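Fold and contact review
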Amino acid sequence: MVFRKLPGVSASGMGLRLSQKFVFLLFLSGLVTLCFGALFFLPDSVRLKRIFLSKTETQPVTVGSGSENDAREHLKRPKDQEHPRGMTSAKGETSTKLKSLSRKPSVSHEATEERLAGGKAQEDMTLPKSKTESATSSDHDANSDTFSFKKFKGCLLKPPLGRDSGNPSDPKTNERREKVKEMMKFAWDNYKRYAWGKNELRPLTRNGHIGNMFGGLRGASIIDSLDTLYIMGLMDEYSEAKEWVQTSLDLNSNGEASLFEVNIRYVGGLLSAYYLTGEELFKNKVLELGEKLLPAFNTPTGIPRGVINLGSGTSWSWGWASAGSSILAEFGTLHLEFVHLTELSTNPIYTEKVMNIRKLLNKIEKPHGLYPNFLSPVSGNWVQHHVSIGGLGDSFYEYLIKSYLMSDKTDDDAKMMYYSALEAIEANLVQKSPGGLTYMAEWRGGILDHKMGHLACFSGGMIGIGADDGAPEKRQHYLDLAAEITHTCHESYTRSATKLGPEAFRFDGGAEATATRLSDRYYILRPEVIESYMYMWRLTHDPKYREWGWEAVEALEEHCRVESGFSGIRDVYTMTVSHDNMQQSFFLSETLKYLYLLFSDDDLLPLEDWVFNTEAHPLPIIRKSCLQDEATQDKTVSE
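Since the model is a prediction, treat every value here as computed from it, not as a measurement.

**Some thoughts on the overall build of the chain**
From N to C terminus, the chain includes 22 helices and 19 strands. The burial tally for the chain puts 58% of its 639 residues in the buried class. For the chain, contacts bridging at least 24 residues in sequence account for 73% of all contacts bridging at least 6. Total accessible area computed for the chain in this model is approximately 25,500 Å², and 53% of it derives from carbon and sulfur atoms.

Here it is, written out as C-alpha cells:
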C-alpha cells in the first residue's frame, strides 16, 4: 500500500505516530460516511438505491401524520355537489337477451400483434412523441422494474379507438354522434373562453367557479375532459388541455380537498389520459398527486377520512358525517385508481391501502348482509344502519364488480363481495310499485324509505356488466333486473315536463317515479341514466336504448343549453326553466362521453379491454399473465 505524503508525517518507513493514525482514520471514516450518506439522503435516485437495497425490499412512501386529535373545521358539500352514485331497479317490458362479450382471460403477444397489424389502430393508440419522450419510453421498456407502456399496449385485445374511431356505418346514428361531439365542443369552447383554468364554468354569468371540493386544485373541467376530447378526435382542444396540464397544473395546493372527488376526477382523469396517449407528462403528474393522498389513510383502522389537506397531509372527517365517520361510497371508491397507481409506480403501498379496507369490511358484521353508509375510521364499526344504493353508498358496489373485471377476472374476493351484496340488496331493498316498476328503496335500521335517487340509476349498467359472471342460473335474471332498473329510470325522465329526470323520485303516496318534494326536482346535468343506456346498448343492442339516449340529447339541447354553455335546471316539471348557472365538470367527462359511446360502434373503448371509473374515465384491464409473458420475452431477446 502506498500513502501520499501528509504534512507532519515522516516518509521514512512510512511510519505513522499513534495520534496521526487516529486522525487519519477519523478523516477516512468521515469521508466514507459522507459518500454513503449522499446516496441515500440527496434527492431520491432509484437506480443508486438499487445498488444497495434488495430487489424484494419494499421502499415505503413517506406520509404525513394524521393525528386523532386534529381539530379542524368540517366542510359540508353543497347538495348540488354531492356526487357519489347509486344503484336502483326498474321494470322492462320484455326479457333482454345478453349479447356475447368474448372476454378472454389472457392474450398472447403474437395474437395481439396479429390483431393490431394492418390497421391504423396502433397509430391511434398514441400521439407522435418527441425524441426525448421516445427515449424515455425506450428506457422504461428496458427496465423490468418499471411500468412499460409498450407491454401494456401489447396486452390489449383490441385497439382502444377501434378500426375507425368507432364510427358507426348507419348514417342516422353517425349524425347523432356528430351532434354529441358538437355539444362537447360548444361546452369546451365556452369553458375556455370564460373560465379557463377554473374548475367549472358558470355559463349565465360567464365566469369561472372554483368551489371547495378540490383543496386548491384547479382545472377540474380540463382534467375531466382530456379523455373525452381525445376519443372524440377533438385534437386541437386536447392539445390545449395537455399544454395546460404541463404548464399550469399546480399540485402544491394547501386547501381542504375531498379525497373521493380528487381521486375520481383528477387521479382518474390523468390515469386515463396516460393510458390512451402514452404521454409521460400525465403519468408523472398522477404519481405526484397519488402520493399526496396517502396521509388520509393514517387512522387507527386504515379507513381514510373524507377530507385531506394536500399540502400538510392532515385529514379529518366531513362535519356533516355522523359521529366523525367515513362514507362508504368515498372510501369504497378508491380501488380502481389505487391499483393502477401501484402498476405505474411499482410501489405496492397503494394496493395495500385499498386491500386493507377490504379486509376490515370482510371482518365486521353486516346487518342482513348489507353495507351501511357510515363507518368510524377510529373504531372500525358502523355508525348508523342507513343503507342506500344511491348517494353515500352507490359507487362502493360499482367498484366491487369493476375491480373483478379490471383484474382480468382474478380478484375473487371482489367477486364474492359483489354478488353477496347484490343478493342482500335484492332480498331487502328491491321493491315493485303498484304500477309495475321495479325500484330500490333505502333502508334505515330495517325501515324502508320508498325513494330512489338519480345517482342510483347507474346501477342498471352495473348489474348489466356483472350479469355474465354471476351463477349460471342467475345470469339472465341479472340482465333482466338491469333492464328493469334502466326502464324505471327512463320513466323518471319521461314523466317530467322537460323529459329530464329529477334528483330523487318516490314510490309512495300514489307517486310513481316522480319527485314529490320541491327540493328533489332539480337536474344538474347528471350522467347516471345515460350511463345505463350505454351499457345496456353494448350488452343487448336493443335499439330502444339509443332512442332513449337521443331523447335525452334533445331535452338537454332544449332546456339546458344556454348562450354560453350548458346549465342545470331547478325544476324538471316546469317548461319555464330556471337555470342553476353551473356547467358541471362531470357533464363533459361522463354525460357527453356516455352519449358519444352510445352512438358509436362497440370497438371504441371495448368493454373487453376497459372499465370506466365512477367519473367515466376508462382504465385498462390488467392482464398480469400477458405482462409477465411480455417481460419474459423481452428478457430472452436481450440475453
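Having put the structure on the table, let's press on.
**Section: the state of the cysteines**
Considering all chains together, one arrives at two disulfides under this definition. For Cys457, the disulfide goes to Cys489, at an S-S distance of 2.1 Å. What sets the handedness of the Cys457 and Cys489 disulfide is the S-S torsion sign, and at about -90 degrees it is left-handed. Taken as a pair, Cys457 in the loop between strand E14 (451–453) and helix H17 (459–467) and Cys489 in helix H18 (residues 475–494) lie far apart in primary sequence, 32 residues in all. Note on accessibility: Cys457 and Cys489 belong to one class, buried. For the chain, numbering the cysteines in disulfides from first to last along the sequence yields the connectivity 1-4, 2-3.

**A closer look at the confidence of the model for the chain**
One rule of thumb: low pLDDT means the predicted coordinates there are not for detailed reading. With 76% of its residues at a pLDDT of at least 70, the chain reaches an overall mean of 83. Low pLDDT (under 50) marks residues 100–144, which in the prediction has 88 contacts with non-local residues, meaning those over four places away or in another chain.

**Re the pattern of salt bridges**
Applying the stated criterion across every chain, the model contains 31 salt bridges. Glu182 is the partner of Lys179 in a salt bridge, and the nearest nitrogen-oxygen pair spans 3.0 Å. Here Lys179 pairs with Glu182, and both are found in helix H7 (residues 171–195), just three residues apart, close to one helical turn. Linking Arg265 and Glu615 is a salt bridge whose minimum nitrogen-to-oxygen distance equals 3.7 Å. Linking Arg265 in helix H10 (residues 259–277) with Glu615 in the loop between strand E18 (610–612) and strand E19 (618–620), this pair joins segments that are 350 residues apart in sequence. Within the structure, one salt-bridge network assembled from shared partners comprises Glu442, Arg444, Asp449, Arg506 and Asp508.

**Here we look at the packing of aromatic side chains**
Under the counting rule described, the total for this entry stands at 32 aromatic pairs. A ring pair is formed by Phe152 and Tyr275, whose centres lie 5.2 Å apart and whose planes are at 55 degrees; its orientation type is tilted. Highlighted residues: Phe152 in helix H6 (residues 149–154) and Tyr275 in helix H10, separated in sequence by 123 residues. For the pair formed by Phe152 and Tyr275, the shared burial category is buried. On the numbers, 6.4 Å between centres and 50 degrees between planes, the contact of Tyr535 with Tyr594 is tilted. In this pair, Tyr535 is assigned in helix H19 (residues 528–540) and Tyr594 in helix H21 (residues 585–598), connecting sequence segments 59 residues apart. The exposure class assigned to Tyr535 is buried, which follows from its relative accessible area of 3%. On the basis of relative accessibility, which here comes to 0%, the residue Tyr594 falls in the buried class. Among the aromatic residues, ring-to-ring pairing joins Phe147, Phe149, Phe152, Tyr274, Tyr275 and Trp610 into one connected group.

**Quick word on the sheet that holds strand E3 (residues 256–258)**
If you walk across this open sheet you meet the three strands as E3-E4-E5, and the pairing is antiparallel. On the outer flanks of this sheet lie E3 and strand E5 (315–316), each paired with one strand and no other. In this structure, E3 lies alongside strand E4 (residues 307–309), joined through three bridges in antiparallel fashion. Across the sheet, Ala257 pairs through a bridge with Ile308, a residue of E4.

The rules behind each value
- Residues numbered from 1 in each chain as written.
- Predicted model: local features only at pLDDT ≥ 70, side-chain atom pairs only at ≥ 80, totals over all residues.
- Heavy atoms only, no water.
- Helix = DSSP H or I, 4+ residues; strand = E, 2+ residues; numbered from the N terminus.
- Buried < 20%, exposed > 50% of the residue type's maximum accessible area, 1.4 Å probe, protein only.
- Contact = heavy atoms within 4.5 Å.
- Areas by Shrake-Rupley, 256 points an atom, 1.4 Å probe, with all protein chains shown as cover.
- Disulfide = S-S within 2.5 Å.
- pLDDT = per-residue confidence, 0-100.
- Salt bridge = Lys/Arg side-chain N within 4 Å of Asp/Glu carboxyl O.
- Phe/Tyr/Trp six-rings, centres within 6.5 Å; stacked < 30°, edge-to-face > 60°.
- Pairing = 2+ DSSP bridges.

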